[in-house]
Amino acid sequence: MKILLDENLDWRLKRHLPAHKVDSVPLIGWAGVENGELLERAQNLFDIFITMDSKMVRELNIQGSKLVVIVLKAPSNMLSDTFPLMPKVLAQLRTAKAGTVIFISA
C-alpha cells in the first residue's frame, strides 16, 4: 500500500511500516498545504493517510474519498510515542476501506 504521513508525524515512522511505500508530506514538498487540498492531492497518489490531526477529520468529509485516514492518538507526536502504535496500524491496513477514518491509540 502507498502511505502518506502527515507533516505532524516524524518521517522515520516509515521504518515501522515495512512492505509498504511510505512518504511524508514535508519530504514530497507539500508542507503547509491546507488540509482539504492535501487530502485531495493525497487521494490521487496514496491509499492511506496517517495523521495526528483529529480536527481535520471532523472538518472534512472523508466519506467518498479514495483514502483511508488513520488518526493516531498518542501523548505527543514524538517518534517514541507514535512508533509503538505501528503494529495496530499494520493490523488495520488489512481490512481498511477507502473513505473511512480509523482512530488508533495506545
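Up top is the structure.
None of the values given here were measured: they were computed from a predicted structure.

Asks: It is not clear to me how the pairing of strand 4 (residues 68–73) should be interpreted in this structure. Could you clarify?
Replies: The buried count for strand 4 comes to five of six residues, which makes it a mostly enclosed element. As defined by bridge partners, strand 3 (residues 48–51) adjoins strand 4 across four bridges and the pair is classed as parallel. The residue bridging Ile 48 from the neighbouring strand is Val 68, located in strand 4. For the crossover from strand 3 across helix 2 (residues 54–59) to strand 4, the handedness is right-handed. Of the pairings in the sheet, the one linking strand 4 to strand 5 (residues 101–105) comprises five bridges and is parallel in character. Bridge pairing in strand 5 links Leu 72 to Ile 104.

Analysis parameters
Residues numbered from 1 in each chain as written. Predicted model: local features only at pLDDT ≥ 70, side-chain atom pairs only at ≥ 80, totals over all residues. Heavy atoms only, no water. Buried < 20%, exposed > 50% of the residue type's maximum accessible area, 1.4 Å probe, protein only. Helix = DSSP H or I, 4+ residues; strand = E, 2+ residues; numbered from the N terminus. Pairing = 2+ DSSP bridges. Right-handed = clockwise from strand over helix to strand, strands pointing away.

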